[in-house]
Amino acid sequence: MPHGCNWRNEMDRLRRRIEVQGAVQGVGFRPFVYRTAQRAGISGYVLNCSAGVIIEAEGDELSVARFLETLQDELPPLARIDDITIAPAPPSGERGFAIRESRATSGKFAFVPADAATCPDCLRELTSPSDRRFHYPFINCTNCGPRYTIIRDVPYDRSKTTMSAFRMCPACQVEYEDPSNRRFHAEPNACPECGPGLALLSAGEMAAGVAAIFETSPEILARARRLLEQGSILAVKGLGGFHLACSATDDRAVSLLRERKRRSGKAFAIMVRDLDAVHRLCETSAADCKLLQSARRPIVLMRCRTDRNASTVSPSVAPGNDSLGVMLPYTPLHHLLFEGSAYDALVMTSANLSEEPIVSRNEDAWPRLGGLADYFLLHNRDIQTRVDDSVVRTFEGHLYPVRRSRGFAPDPVDLHMPVPEVLACGGELKNTLCLTKDRYAILSPHIGDLENLETMEFFREVLGHLKRFFRVSPKAIAHDLHPNYLSTRYALEESGLPAVGVQHHHAHIASCMADNGLGGRVIGVALDGTGYGTDGKIWGGEFLACGFDTFDRRGHLRYVPLAGGDAAVRQPWRSALAYLRDSCEAAVNLPLPLFRDIPERDVRFVTTMLARGIQTVDTSSCGRLFDAVSSILGVRHETTYEGQAAIELEAAASDAPGVYPFELGGDEFFALDLRPTIAAIVKEFAAGTSVPDISARFHRTVARLTRDACLRIRESDGLTRVCLSGGTFQNLRLLRHTVDELRESGFGVFVHHRVPANDGGLALGQAVIASHLQ
Ligand SMILES: [Zn+2]
Ligand SMILES: [Zn+2]
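An account of the accompanying structure is given in this report. (Residues numbered from 1 in each chain as written. Chains lettered and ligands numbered in written order. Predicted model: local features only at pLDDT ≥ 70, side-chain atom pairs only at ≥ 80, totals over all residues. Heavy atoms only, no water.)

## Considerations on the coordination of the zinc ion (ligand 1)
Note the threshold: The rule for donors is simple: N, O or S, within 2.8 Å of the metal, or within 3.2 Å if the metal is Na, K or Ca. Water isn't counted, so a site may look like it is missing partners. A four-donor site is called tetrahedral if each angle lies between 85 and 135 degrees; a four-donor site is square planar, and a six-donor site octahedral, when trans pairs exceed 155 degrees and the remaining angles lie between 65 and 115; all other cases are labelled irregular. Strands here mean DSSP runs of E at least two residues long; helices mean DSSP runs of H or I at least four residues long; both are numbered from the N terminus. Partly exposed residues are those whose accessible area sits between 20% and 50% of the maximum for their type, while under 20% is buried and over 50% is exposed, using a 1.4 Å probe and protein chains only.
At the metal site, the zinc ion (ligand 1) is ligated by C119 (SG), C122 (SG), C141 (SG) and C144 (SG), and these contacts range over 2.3 Å. Around the zinc ion (ligand 1) sit four donor atoms; with metal-centred angles ranging over 103 to 121°, the donor geometry is tetrahedral. For the zinc ion (ligand 1), the donor residues sit on a single chain with the sequence spacing C-x2-C-x18-C-x2-C. Pair noted here: C122 is in helix α4 (residues 120–126) and C141 is in the loop between α4 and α5 (170–177), with a separation of 19 residues, a long-range link. Judged by relative accessible area, C122 falls into the buried class, the value being 0%. The exposure class assigned to C141 is buried, which follows from its relative accessible area of 0%.

And the structure:
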């Protein structure tokens, strides 16, 4: 090359400083930048900082342009860019591209990556006899493996994870330091020579305090498979905690597990060998399959196939349910549990005592799970942060979360607007907490029902982690209005922060707005079980005109008195009695199943309470309305888990057309009067109409009255966007009908797609409301 031309090229060189924010740490982003730079002939460097990744790239104009394009278009599987700024910098003439030391910067935060399912490359190595990690249950790389569950602090680096206990062998170290290797800075990198191992102990050995010796021999998993095949119940330590596992095809084992867990009705999730096996069990959509196979690997709720002879899963897995919760294996250990096994499906339920948080430490396994499992499959890679499995559905081809936890948390929710730093402490059931910073909401994994000290302790633990990881110092705390929730007491008595009370259903609608990136004012339809109202009554069938700052309650389901408070939640027949007395006094003399199944003395007792207003509370709860109809039809009088009566009522429904009468009273403020609905249901039932048909029409009725209420608000307030939220919208039949009705009337309809419609998404709404008041 002539000298002059070279000089010219030097003059044409550009340098760009690129700052990237998003999921760019712990996901193989730096080696990807390195390889891309090498290929494009770019010099400069890349480094991790606490705000994300900084790149300086120098080269001729065309190369830099190509580099920038590839950077954004060909990301590694787990990486995601939320924000990228590109600024000119003076060329330095440096040669070569380097990965430099991480640098801590203050202020902004880097993303803490969520855990990711075993990638195809690792899976191939796991099953290749010639690979040095053949059958090694802790294989991982930059594209997969544990992240959030093993991180102690940021920046994400092996020394700050629970893998710091293991020193890499020379072969692993070489991979770790080679930018062209898939395991370059794969922080949990390990192999049978240097990494974690397994131990399998019987309940007897655990009871006798036999010390676990961790080894990497494949014989251990072969033994575990045999035990599962023989019908044993195993406590299996996984990614975010222990599961209780047994063969899902073994009716005896499943029933025994149900008995030991004292879980009489609630469905168990199952882990299924592969997608073919899922197809044999469930009606799957393309969106379901995509989620099942995604790196997040949630439990996906899908309808069971009706040709149940195609299914071999024990009926005790999901009694009274038309859906199954299914997930695919997501760790190498899970894959190996299915290798050559006689079973295609395992029950995999979170290992805990009744409502306590999931157990995650080896030393807690026996004290907490003794009596539940016959054998204990332990490993010695410590779980720093417990995380339950996520549960999702799909609606219209999109994600519709039920429980947002492993694989999703702590991925921040992009709010697309700047927010001050606040903490929202959620509600009581399905609690999650939420922190805001920059333009993000960091929603915690599922914490559980805040009804006992163990769960409250877990709440504090999760809060501590997230504040540290994301460098958040909240300036205010948002809480529910219910004075007795432990979360409210935490906010008012323990947090030491200025507190902001947020009404439950306002929070639900704000959550749905934030989920969809909406501002301004919307019509909010919040249907759920229980939420404390500003009038001290129990709300739950609410029609609001609202924005983030304020809400106006335009209407609600007409109040009905309920006898016995919490007892009414467990005993839908109490709701049925309340609605019957309210709607058609004569129904009390009809031969309804309720009067046959519930002792006459109990019925008389509650009737007296209702008549005299003793220990009754007025409620507009939609959950109790569903309970009432479920019990009137004899579907379910008493429940063993939250929402059971409504779930079984939904499962029973046919596709019959028709809508029952109802009344929309009042002018601007209205009460939705369902007395004509209940009377019509009783009449049809007495005349012999089938339960499935009545259930179908009841669902359509609630959708229709929702539409009519929204039409009324559109008239008065001129609003055309409707947000649907609250736990009742976990009912997909109701959601389907409601969305259809509203769209036909020309409304813009918004449903959840990143956070749950139930109380698991409540903290997001509280946080956004509080941040608007700051
Ligand atoms: Zn991998
Ligand atoms: Zn090694």
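## A few points about the sheet that holds strand β19 (residues 440–443)
The cut-off we apply is this: Here a strand pair is declared whenever DSSP counts at least two bridges between the two strands.
In space, the six strands of this open sheet follow the order β16-β19-β18-β17-β20-β21, with mixed pairing throughout. One side of each edge strand has no neighbouring strand; the edge strands of this open sheet are β16 (413–414) and β21 (499–502). As judged from the four bridges shared by strand β18 (residues 434–437) and β19, these two strands associate in the antiparallel manner. The residue of β19 that forms the bridge with C434 is L443.

## Notes on the pairing of strand β6 (residues 198–202)
Among the five residues that make up β6, five are buried, leaving the element largely enclosed by the rest of the structure. On β6, burial covers both faces: L198, L200 and S202 on one face and A199 and L201 on the other are all buried. Note that β6 and strand β13 (residues 375–379) share five bridges and pair antiparallel. Along β13, the bridge assignment pairs L198 with H379.

## Here we look at the nonpolar core
The condition is simple: Put simply, buried Ala, Val, Leu, Ile, Met, Phe, Trp, Tyr and Cys residues joined by side-chain atoms within 4.5 Å make one nonpolar core. Working rule for contacts: check all heavy atoms of both residues, and any pair within 4.5 Å makes them a contact.
Of all hydrophobic cores here, the largest spans 66 residues; its most connected members are F543, F698, L724 and L735. Ranked by the residues each element gives to this core, the list is headed by helix α23 (residues 691–717), at seven residues. The contact partners of L724, leaving out residues within four places of it in the chain, are C512, V525, F729, L735, T738, V739, L742, V749, F750, V751 and H752. Residues A248, V254, A318 and V347 belong to the second largest nonpolar core, which totals 44 residues.

## Some thoughts on helix α24 (residues 732–744)
Short version of the rule: Each residue after the first adds 1.5 Å to the expected span of a helix. We define a polar contact as two N or O atoms separated by no more than 3.5 Å, with the added condition that, inside protein, one atom must be a possible hydrogen donor and the other a possible acceptor, whereas residues neighbouring each other in sequence contribute only through side-chain atom pairs.
Compared with the 18 Å implied by 1.5 Å per residue over 13 residues, the 18 Å span of α24 between its first and last C-alpha is a close match. Every buried residue of α24 is accounted for by L732, R733, L734, L735, H737, T738, V739, E741 and L742. Of the residues flanking the start of α24, the one acting as N-cap is N731, its side-chain oxygen 3.1 Å from the backbone nitrogen of R733. In the stretch just after α24, G746 is the one whose phi turns positive, near 85°.

## Remarks on the coordination of the zinc ion (ligand 2)
Each donor-metal-donor angle in an ideal tetrahedron of four donors is 109.5 degrees, and each such angle in an ideal octahedron of six donors is either 90 or 180 degrees. Those protein atoms acting as donors to the zinc ion (ligand 2) are C169 (SG), C172 (SG), C191 (SG) and C194 (SG), and they sit at 2.2 to 2.3 Å. Classification of the site at the zinc ion (ligand 2) rests on its four donor atoms, whose angles at the metal span 104 to 115°, yielding the label tetrahedral.

## Some thoughts on the pattern of salt bridges
What counts is decided by this rule: The term salt bridge refers to a pairing of a side-chain nitrogen on Lys or Arg with a carboxyl oxygen on Asp or Glu at a separation within 4 Å.
Applying the stated criterion to the full structure yields 56 salt bridges. The shortest N-O distance in the salt bridge between D83 and R439 comes to 3.8 Å. With D83 in strand β4 (residues 80–89) and R439 in the loop between β18 and β19, this residue pair connects regions lying 356 residues apart in the sequence. We note a salt bridge from R132 to E175, for which the minimum N-O separation is 3.2 Å. One end of the pair, R132, is in the loop between α4 and α5; the other, E175, is in helix α5, and 43 residues separate them in sequence. Its relative accessible area of 35% is what places R132 among the partly exposed residues. Ionic contacts of the salt-bridge type, sharing partners, join the residues R13, R15, R17, E19, E56, E58, E94 and R100 into one network.

## Digging into the packing of helix α2 (residues 29–40) against helix α3 (residues 61–73)
Convention followed: With axes taken as lines fitted to C-alpha atoms, and helix axes fitted only over the stretch in contact, angles between N-to-C directions fall between 0 and 180 degrees. For classification, angles of less than 35 degrees are called roughly parallel, those exceeding 145 degrees roughly antiparallel, those between 65 and 115 degrees roughly perpendicular, and all remaining angles oblique. Helix crossings are classified by the rotation of the near helix relative to the far one: an anticlockwise turn of less than a right angle makes the crossing left-handed, while a clockwise turn makes it right-handed. Ten residues, namely Ala, Val, Leu, Ile, Met, Phe, Trp, Tyr, Cys and Pro, are considered nonpolar, four, namely Asp, Glu, Lys and Arg, are considered charged, and the remaining ones, Gly among them, are considered polar.
One way to put it is that α2 packs onto α3 with a least axis distance of 9 Å and a crossing angle of 150°. One finds that α2 runs roughly antiparallel with respect to α3. Regarding α2 and α3, the two cross each other, and that crossing is right-handed. Across from F32, V33, T36, A37 and A40 in α2, the residues of α3 making contact are S63, F67, T70 and L71. Among the residues making up the contact of α2 with α3, the classes are represented as six nonpolar, three polar and no charged.

## A closer look at the environment of A476
Mapped onto the secondary structure, A476 falls in strand β20 (residues 476–480). Its relative accessible area of 0% is what places A476 among the buried residues. With residues near it in sequence (within four places) discarded, A476 still touches E421, V422, L423, L497, P498 and Q774.

## Quick look at the side chain of T331
Along the chain, the position of T331 falls in the loop between β11 (323–327) and α11 (332–338). The exposure class assigned to T331 is buried, which follows from its relative accessible area of 9%. Setting aside chain neighbours within four positions, we find T331 in contact with T118 and L239.

## Observations regarding the layout of surface pockets
The criterion, for reference: Note on definitions: the grid is 1 Å and covers protein atoms alone; a cavity is a set of points where a 1.4 Å probe fits but cannot get out; a pocket is an open set with protein on both sides within 12 Å along at least five of seven lines; lining residues have an atom within 4 Å of a point. Grid points are joined across faces, edges and corners, and a volume is the space filled by probe spheres set on the points.
Counted as a void, the second largest pocket has a volume near 900 Å³. For the second largest pocket, the lining is made up of 33 residues, of which R80, R296, L399, F408 and D411 are closest to its centre. Considering each element in turn, the lining of the second largest pocket owes the most residues, three residues, to helix α10 (residues 286–293).

## With respect to the packing of aromatic side chains
Going by this rule: Any two of the Phe, Tyr and Trp rings considered here, Trp counted by its six-membered ring, make a pair once their centres fall within 6.5 Å; the pair's planes then place it as stacked at under 30 degrees, edge-to-face at over 60, or tilted in between. Note on criteria: charge over ring means Lys NZ or Arg CZ within 6 Å of the ring centre, with the direction from the centre no more than 35 degrees off the ring normal.
Throughout the structure, instances matching the rule amount to 11 aromatic pairs. Ring centres of W539 and F551 lie 6.4 Å apart, and the angle between their planes is 80°; on these two criteria the pair is classed as edge-to-face. A residue pair is termed long-range when its members are at least 10 positions apart, and W539 in strand β23 (residues 538–546) and F551 in strand β24 (residues 551–557) qualify at 12 residues. When the ring centre of Y45 is taken as reference, the NZ or CZ atom of R100 above it lies at 3.8 Å.

## A few points about the packing of helix α17 (residues 572–583) against helix α20 (residues 622–632)
As a packed pair, α17 and α20 sit with axes 7 Å apart at the nearest point and diverge in direction by 90°. Relative to α20, α17 is oriented roughly perpendicular. Where α17 abuts α20, its residues P572, W573, S575, A576, Y579 and L580 lie against R624, L625, D627, A628, S631 and I632. Along the lines of polarity and charge, the residues of the contact of α17 with α20 split into eight nonpolar, two polar and two charged.

## Digging into the sheet that holds strand β14 (residues 391–395)
If you trace the 10 strands from one edge of the open sheet to the other, you get β6-β13-β7-β8-β12-β9-β11-β10-β14-β15, paired in mixed fashion. Strands at the two margins of the open sheet, each flanked by one partner only, are β6 and β15 (398–403). Neighbouring strand axes in the sheet, compared pairwise and without regard to direction, differ in orientation by 35° on average. Across two bridges, the pairing between strand β10 (residues 299–303) and β14 is parallel. Counted as the bridge partner of V300 is V392 from β14. Of the strands in this sheet, β8 (242–247) and β12 (345–350) touch helix α8 (residues 251–260), which is tilted by about 145° from β8. Those strands touched by α10 are β10, β11, β14 and β15, and its axis lies near 155° from that of β10.

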